[in-house]
Amino acid sequence: MARTRVEYDDARLRKNISNFDNTFRRNLRAVAEFQAAETTGWLKTNARWTDRTGAARSGLYAIPNWGPGFIEIYMAYSVWYGIWLETAHDRKYAIITPAMRIMGDALMQKLNGLLDEMQP
Amino acid sequence: MMPNIIYQRLVNDSQLETLLGGSGRIHESQSVDKRVSDNGFFVLISFEETLLSAPSKLSRGPRTITISVHRPWEIDRDYDSITAILNRIDELILPIEDESGTDGIRVTSIRRGSPARSANHSDEGYKTATRWATYGVLYQEYAA
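All of these numbers come straight from a predicted model, not from anything done at the bench.

Participant: Would you explain the layout of surface pockets in this entry?
Facilitator: One simple way to see leftover space: roll a probe sized like a water molecule over the atoms. Its boundaries defined by the atoms lining it, the largest pocket holds a volume of some 630 Å³. What lines the largest pocket is a set of 32 residues, and nearest its centre among them are Thr-97 and Arg-101 of chain A together with Ser-114, Pro-115 and Thr-134 of chain B. Elements that contribute at least two residues to the lining of the largest pocket include exactly α3 (82-87) and α4 (96-112) of chain A together with β2 (42-50), β3 (63-72), β5 (106-117), β6 (121-123) and β7 (128-139) of chain B. Looking at the lining of the largest pocket residue by residue, the classes come out as nine nonpolar, 14 polar and nine charged. In this structure, the second largest pocket occupies an estimated 400 Å³ of space. Around the second largest pocket, the lining is made up of 17 residues, and of these Trp-49, Thr-50, Arg-52, Tyr-81 and Leu-85 of chain A lie nearest the centre. When contributions to the lining of the second largest pocket are tallied by element, the ones reaching two or more residues are α2 (55-58) and α3 of chain A. No other element matches the three residues that α2 of chain A contributes to the lining of the second largest pocket.

Participant: Can you help me understand α4 of chain A in this one?
Facilitator: Each turn of an α-helix holds 3.6 residues, which means side chains three or four residues apart point in the same direction. Over its 17 residues, α4 of chain A extends 23 Å from the first C-alpha to the last, a length consistent with the 24 Å expected when each residue adds 1.5 Å. Among all positions of α4 of chain A, only Ile-96, Pro-98, Ala-99, Arg-101, Ile-102, Met-103, Asp-105 and Ala-106 of chain A are buried. Where α4 of chain A is buried, its residues meet α1 (11-46), β2 (70-76) and α3 of chain A together with β2, β3 and β5 of chain B.

Participant: Whenever I open this one, the packing of aromatic side chains confuses me. Can you help?
Facilitator: We describe a pair of aromatic rings using the distance from one ring centre to the other and the angle between the two ring planes. All names here are of chain A. Counted according to the given criterion, the structure contains four aromatic pairs over all chains. For the ring pair Phe-20 and Phe-24, a centre distance of 5.6 Å and an interplane angle of 10° mean the geometry is stacked. Linking Phe-20 with Phe-24, this pair stays in helix α1, spanning four residues, or about one helical turn. With relative accessibility at 26%, the residue Phe-24 sits in the partly exposed group.

Participant: Would you mind going over the interface of chain A and chain B with me for this structure?
Facilitator: By a widely used convention, the size of an interface equals the accessible area lost when the partners come together. On the chain B side, the residues contacting the 13 residues of chain A number 21 residues. Here chain A and chain B share an interface that buries about 1500 Å² over both sides, 43% of which is from carbon and sulfur atoms. When residues of chain A are sorted by the area they lose upon contact with chain B, Asp-90, Lys-92 and Arg-101 of chain A head the list and together hold 42% of the total. Summed over the shared surface of chain A and chain B, the result is three salt bridges. Of the charged contacts, one joins Arg-101 of chain A and Glu-49 of chain B as a salt bridge, the two residues approaching to 2.7 Å between their closest N and O atoms. Counting every contact that joins chain A to chain B gives ten residue pairs in polar contact (both at pLDDT 80 or more). Elements that contribute at least two residues to the side of chain A that touches chain B include exactly α3 and α4 of chain A.

Reading the values: the criteria
- Note on numbering: residues in each chain are counted from 1, in written sequence order.
- Note on labels: chains are lettered from A, ligands numbered from 1, in written order.
- Where local features are concerned, this predicted model is filtered to residues with pLDDT of at least 70; where side-chain atom pairs are given and counted, the filter is 80 or more; whole-chain, interface and lining totals use all residues.
- Only hydrogens and water are set aside when side-chain values are computed; all heavy atoms of the structure are taken into account.
- A cavity here means a set of points on a 1 Å grid, drawn over the protein atoms and nothing else, where a 1.4 Å probe fits but cannot get out; a pocket is an open set with protein on both sides within 12 Å along at least five of seven lines, and a residue lines either one if it has an atom within 4 Å of a point.
- Grid points are joined across faces, edges and corners, and a volume is the space filled by probe spheres set on the points.
- By the criteria applied, helices consist of DSSP H or I runs no shorter than four residues and strands consist of E runs no shorter than two, each listed in order from the N terminus.
- Each residue is assigned to one class: nonpolar for Ala, Val, Leu, Ile, Met, Phe, Trp, Tyr, Cys and Pro, charged for Asp, Glu, Lys and Arg, and polar for all the others, Gly among them.
- What a helix should span is 1.5 Å times the count of its residues minus one.
- Each residue is assigned to one of three classes by its accessible area relative to the maximum for its type, calculated with a 1.4 Å probe on protein chains only: buried under 20%, partly exposed between the two thresholds, exposed over 50%.
- Should any heavy atoms of two residues lie within 4.5 Å, those residues are considered in contact.
- Only Phe, Tyr and Trp rings take part, Trp by its six-membered ring, and two of them pair if their centres are within 6.5 Å. Stacked means planes under 30 degrees apart, edge-to-face means over 60, and tilted covers everything else.
- Accessible area that two parts lose when put together, evaluated with a 1.4 Å probe and summed over both, is termed the buried area.
- Just to be clear on terms, a salt bridge is a Lys or Arg side-chain nitrogen sitting within 4 Å of an Asp or Glu carboxyl oxygen.
- Each polar contact in these results corresponds to two N or O atoms within 3.5 Å; when the atoms are within protein, one needs to be able to donate a hydrogen and the other to accept it, and residues that are neighboring in sequence are counted only if both atoms are side-chain atoms.

Okay, here's the thing in C-alpha coordinates:
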(Lines give C-alpha, C1' and ligand atoms only; values in the text may rest on other atoms or scores of the structure.)
Protein backbone atom coordinates (compact mmCIF):
# COMPACT_ATOMS: atom_id res chain seq x y z
CA MET A 1 0.00 0.00 0.00
CA ALA A 2 1.45 3.35 -1.12
CA ARG A 3 1.92 6.01 1.48
CA THR A 4 2.05 9.72 0.83
CA ARG A 5 3.75 12.05 3.17
CA VAL A 6 3.31 15.79 3.04
CA GLU A 7 5.50 18.20 4.91
CA TYR A 8 4.78 21.85 5.10
CA ASP A 9 5.75 24.76 7.24
CA ASP A 10 2.69 26.64 8.44
CA ALA A 11 4.67 29.61 9.77
CA ARG A 12 3.94 31.73 6.70
CA LEU A 13 0.24 30.84 6.79
CA ARG A 14 0.02 31.77 10.47
CA LYS A 15 1.81 35.03 9.84
CA ASN A 16 -0.46 35.96 6.93
CA ILE A 17 -3.59 35.17 8.89
CA SER A 18 -2.45 37.19 11.87
CA ASN A 19 -1.59 40.11 9.56
CA PHE A 20 -4.73 39.84 7.46
CA ASP A 21 -6.80 42.52 9.22
CA ASN A 22 -4.05 45.11 9.03
CA THR A 23 -3.23 44.30 5.42
CA PHE A 24 -6.90 44.43 4.43
CA ARG A 25 -7.46 47.76 6.19
CA ARG A 26 -4.34 49.20 4.55
CA ASN A 27 -5.62 48.13 1.14
CA LEU A 28 -9.08 49.57 1.84
CA ARG A 29 -7.53 52.91 2.77
CA ALA A 30 -5.43 52.88 -0.39
CA VAL A 31 -8.55 52.26 -2.48
CA ALA A 32 -10.37 55.08 -0.68
CA GLU A 33 -7.47 57.50 -1.28
CA PHE A 34 -7.32 56.58 -4.95
CA GLN A 35 -11.09 56.86 -5.32
CA ALA A 36 -11.16 60.26 -3.60
CA ALA A 37 -8.51 61.60 -5.99
CA GLU A 38 -10.39 60.21 -8.96
CA THR A 39 -13.66 61.65 -7.64
CA THR A 40 -12.18 65.12 -7.19
CA GLY A 41 -11.15 65.13 -10.84
CA TRP A 42 -14.51 63.78 -11.92
CA LEU A 43 -16.41 66.46 -9.98
CA LYS A 44 -14.40 69.30 -11.53
CA THR A 45 -14.69 67.87 -15.02
CA ASN A 46 -18.37 67.02 -14.96
CA ALA A 47 -19.93 69.92 -13.05
CA ARG A 48 -22.68 70.94 -15.43
CA TRP A 49 -22.88 74.68 -15.00
CA THR A 50 -21.32 77.49 -17.01
CA ASP A 51 -18.47 79.02 -15.02
CA ARG A 52 -18.55 82.70 -14.12
CA THR A 53 -15.62 82.90 -11.73
CA GLY A 54 -14.52 79.27 -11.72
CA ALA A 55 -14.62 79.27 -7.93
CA ALA A 56 -17.43 76.75 -7.64
CA ARG A 57 -15.77 74.26 -9.98
CA SER A 58 -12.25 74.61 -8.63
CA GLY A 59 -13.57 74.37 -5.06
CA LEU A 60 -15.12 70.92 -5.51
CA TYR A 61 -13.24 68.20 -3.72
CA ALA A 62 -13.45 64.70 -2.30
CA ILE A 63 -11.30 63.60 0.62
CA PRO A 64 -10.98 60.22 2.32
CA ASN A 65 -11.34 59.80 6.04
CA TRP A 66 -11.22 56.77 8.31
CA GLY A 67 -11.44 55.72 11.91
CA PRO A 68 -12.20 52.61 13.94
CA GLY A 69 -14.63 50.54 11.90
CA PHE A 70 -15.27 52.96 9.07
CA ILE A 71 -13.82 54.49 5.92
CA GLU A 72 -15.61 57.34 4.18
CA ILE A 73 -15.14 59.81 1.37
CA TYR A 74 -16.36 63.38 1.82
CA MET A 75 -17.50 65.35 -1.20
CA ALA A 76 -18.04 69.07 -0.76
CA TYR A 77 -18.17 72.53 -2.27
CA SER A 78 -15.90 75.31 -1.09
CA VAL A 79 -18.27 78.12 -2.07
CA TRP A 80 -21.15 79.15 0.17
CA TYR A 81 -23.73 78.84 -2.61
CA GLY A 82 -22.84 75.21 -3.34
CA ILE A 83 -25.94 74.04 -1.49
CA TRP A 84 -28.11 75.95 -3.97
CA LEU A 85 -26.32 74.49 -6.96
CA GLU A 86 -26.99 71.09 -5.49
CA THR A 87 -30.63 71.47 -4.47
CA ALA A 88 -32.32 74.32 -6.37
CA HIS A 89 -33.89 74.41 -9.87
CA ASP A 90 -34.90 70.77 -9.79
CA ARG A 91 -31.25 69.86 -9.03
CA LYS A 92 -30.29 70.42 -12.65
CA TYR A 93 -26.85 71.72 -11.58
CA ALA A 94 -26.28 69.04 -8.93
CA ILE A 95 -22.95 67.25 -9.17
CA ILE A 96 -22.39 65.59 -5.80
CA THR A 97 -25.62 63.59 -5.94
CA PRO A 98 -24.81 61.97 -9.30
CA ALA A 99 -21.23 61.48 -8.09
CA MET A 100 -22.54 59.41 -5.19
CA ARG A 101 -24.08 57.02 -7.74
CA ILE A 102 -21.34 57.08 -10.37
CA MET A 103 -18.26 57.21 -8.19
CA GLY A 104 -19.94 54.95 -5.63
CA ASP A 105 -20.38 52.36 -8.35
CA ALA A 106 -16.74 52.77 -9.41
CA LEU A 107 -15.66 52.33 -5.79
CA MET A 108 -17.67 49.14 -5.42
CA GLN A 109 -16.09 47.72 -8.58
CA LYS A 110 -12.64 48.34 -7.13
CA LEU A 111 -13.60 46.76 -3.81
CA ASN A 112 -15.07 43.72 -5.54
CA GLY A 113 -11.65 42.75 -6.84
CA LEU A 114 -9.72 43.74 -3.75
CA LEU A 115 -9.41 40.35 -2.05
CA ASP A 116 -8.26 38.67 -5.27
CA GLU A 117 -5.53 41.25 -5.77
CA MET A 118 -4.18 41.32 -2.22
CA GLN A 119 -0.54 40.26 -2.01
CA PRO A 120 0.60 38.12 0.92
CA MET B 1 -33.31 61.98 -25.45
CA MET B 2 -35.89 60.12 -23.43
CA PRO B 3 -37.62 56.96 -24.64
CA ASN B 4 -40.93 58.25 -25.90
CA ILE B 5 -42.92 55.47 -24.28
CA ILE B 6 -42.35 57.01 -20.84
CA TYR B 7 -43.50 60.48 -21.86
CA GLN B 8 -46.46 59.09 -23.78
CA ARG B 9 -47.55 56.97 -20.87
CA LEU B 10 -47.60 60.01 -18.59
CA VAL B 11 -49.22 62.61 -20.86
CA ASN B 12 -51.94 60.27 -22.13
CA ASP B 13 -53.29 59.35 -18.72
CA SER B 14 -56.46 61.18 -17.76
CA GLN B 15 -56.15 60.32 -14.07
CA LEU B 16 -52.70 61.88 -13.88
CA GLU B 17 -53.93 64.91 -15.79
CA THR B 18 -56.72 65.32 -13.25
CA LEU B 19 -54.29 65.05 -10.34
CA LEU B 20 -52.02 67.64 -11.96
CA GLY B 21 -54.93 69.97 -12.63
CA GLY B 22 -54.51 70.22 -16.37
CA SER B 23 -52.48 69.28 -19.42
CA GLY B 24 -49.09 70.57 -20.56
CA ARG B 25 -47.55 70.20 -17.12
CA ILE B 26 -44.91 67.56 -17.86
CA HIS B 27 -41.49 68.71 -19.11
CA GLU B 28 -37.90 67.53 -19.37
CA SER B 29 -35.91 69.21 -16.59
CA GLN B 30 -32.96 70.30 -18.74
CA SER B 31 -35.28 72.06 -21.18
CA VAL B 32 -36.65 74.57 -18.66
CA ASP B 33 -34.88 77.46 -16.93
CA LYS B 34 -37.66 78.86 -14.82
CA ARG B 35 -40.75 77.71 -12.98
CA VAL B 36 -43.05 76.39 -15.68
CA SER B 37 -46.30 76.91 -13.80
CA ASP B 38 -47.33 79.50 -11.25
CA ASN B 39 -50.81 78.13 -10.73
CA GLY B 40 -50.40 74.47 -9.83
CA PHE B 41 -48.45 71.25 -10.09
CA PHE B 42 -45.86 70.48 -12.71
CA VAL B 43 -43.67 67.47 -13.35
CA LEU B 44 -40.02 67.52 -14.43
CA ILE B 45 -38.24 64.48 -15.85
CA SER B 46 -34.47 64.32 -15.70
CA PHE B 47 -32.43 61.71 -17.55
CA GLU B 48 -29.13 61.07 -15.80
CA GLU B 49 -26.22 58.69 -16.33
CA THR B 50 -26.12 55.14 -17.62
CA LEU B 51 -24.15 52.81 -15.36
CA LEU B 52 -22.39 49.68 -16.50
CA SER B 53 -21.57 47.92 -13.26
CA ALA B 54 -19.27 45.41 -14.91
CA PRO B 55 -17.55 45.29 -18.29
CA SER B 56 -20.02 43.71 -20.66
CA LYS B 57 -20.17 42.94 -24.34
CA LEU B 58 -23.76 44.11 -24.21
CA SER B 59 -22.63 47.66 -23.29
CA ARG B 60 -25.98 48.20 -21.68
CA GLY B 61 -27.04 49.19 -18.23
CA PRO B 62 -29.90 50.97 -16.53
CA ARG B 63 -30.13 54.72 -17.00
CA THR B 64 -31.08 56.73 -13.94
CA ILE B 65 -34.09 59.00 -14.29
CA THR B 66 -35.68 61.19 -11.70
CA ILE B 67 -39.24 62.42 -11.90
CA SER B 68 -40.03 65.41 -9.69
CA VAL B 69 -43.39 66.82 -8.79
CA HIS B 70 -43.41 70.55 -7.95
CA ARG B 71 -46.03 72.96 -6.71
CA PRO B 72 -45.43 76.67 -6.04
CA TRP B 73 -44.99 76.94 -2.29
CA GLU B 74 -47.14 80.06 -2.05
CA ILE B 75 -50.10 77.89 -3.07
CA ASP B 76 -49.60 75.02 -0.67
CA ARG B 77 -46.97 72.88 1.01
CA ASP B 78 -49.17 69.80 1.28
CA TYR B 79 -46.95 66.86 0.38
CA ASP B 80 -49.76 64.29 0.43
CA SER B 81 -51.06 65.48 -2.92
CA ILE B 82 -47.52 65.49 -4.34
CA THR B 83 -47.05 61.92 -3.11
CA ALA B 84 -50.37 60.89 -4.69
CA ILE B 85 -49.05 62.12 -8.05
CA LEU B 86 -45.82 60.18 -7.58
CA ASN B 87 -47.87 57.09 -6.77
CA ARG B 88 -49.84 57.48 -10.01
CA ILE B 89 -46.60 57.91 -11.97
CA ASP B 90 -45.35 54.65 -10.41
CA GLU B 91 -48.53 52.89 -11.52
CA LEU B 92 -48.04 54.13 -15.06
CA ILE B 93 -44.38 53.50 -15.74
CA LEU B 94 -43.23 50.61 -13.52
CA PRO B 95 -45.30 48.04 -15.50
CA ILE B 96 -43.61 49.04 -18.80
CA GLU B 97 -41.79 45.98 -20.10
CA ASP B 98 -40.54 45.34 -23.63
CA GLU B 99 -42.57 48.18 -25.07
CA SER B 100 -41.71 50.79 -27.69
CA GLY B 101 -42.99 54.31 -28.20
CA THR B 102 -43.56 56.24 -31.42
CA ASP B 103 -39.78 56.80 -31.65
CA GLY B 104 -39.23 53.04 -31.92
CA ILE B 105 -37.02 52.91 -28.81
CA ARG B 106 -37.78 49.77 -26.86
CA VAL B 107 -37.77 49.93 -23.07
CA THR B 108 -36.84 46.55 -21.61
CA SER B 109 -37.84 47.31 -18.05
CA ILE B 110 -38.12 50.01 -15.41
CA ARG B 111 -37.32 49.46 -11.76
CA ARG B 112 -37.14 51.69 -8.73
CA GLY B 113 -33.81 53.42 -8.23
CA SER B 114 -32.05 54.50 -5.10
CA PRO B 115 -33.28 56.40 -3.21
CA ALA B 116 -36.69 55.35 -4.50
CA ARG B 117 -38.37 58.46 -3.10
CA SER B 118 -36.90 61.67 -1.79
CA ALA B 119 -37.79 63.40 1.43
CA ASN B 120 -40.12 66.40 1.38
CA HIS B 121 -38.10 69.30 -0.02
CA SER B 122 -38.36 72.97 -0.82
CA ASP B 123 -36.78 74.02 -4.11
CA GLU B 124 -35.27 77.45 -3.43
CA GLY B 125 -34.71 78.07 -7.13
CA TYR B 126 -38.21 77.43 -8.43
CA LYS B 127 -39.74 78.28 -5.05
CA THR B 128 -41.76 75.10 -4.93
CA ALA B 129 -42.60 72.26 -2.60
CA THR B 130 -41.23 69.15 -4.25
CA ARG B 131 -40.56 65.44 -3.99
CA TRP B 132 -39.04 63.14 -6.56
CA ALA B 133 -38.79 59.48 -7.42
CA THR B 134 -35.77 57.75 -8.89
CA TYR B 135 -35.90 54.93 -11.44
CA GLY B 136 -33.51 52.79 -13.42
CA VAL B 137 -34.57 52.40 -17.06
CA LEU B 138 -33.09 49.67 -19.23
CA TYR B 139 -33.50 50.55 -22.89
CA GLN B 140 -31.67 50.48 -26.18
CA GLU B 141 -29.99 53.85 -25.87
CA TYR B 142 -27.50 53.15 -28.66
CA ALA B 143 -30.33 52.55 -31.09
CA ALA B 144 -31.59 56.10 -30.53
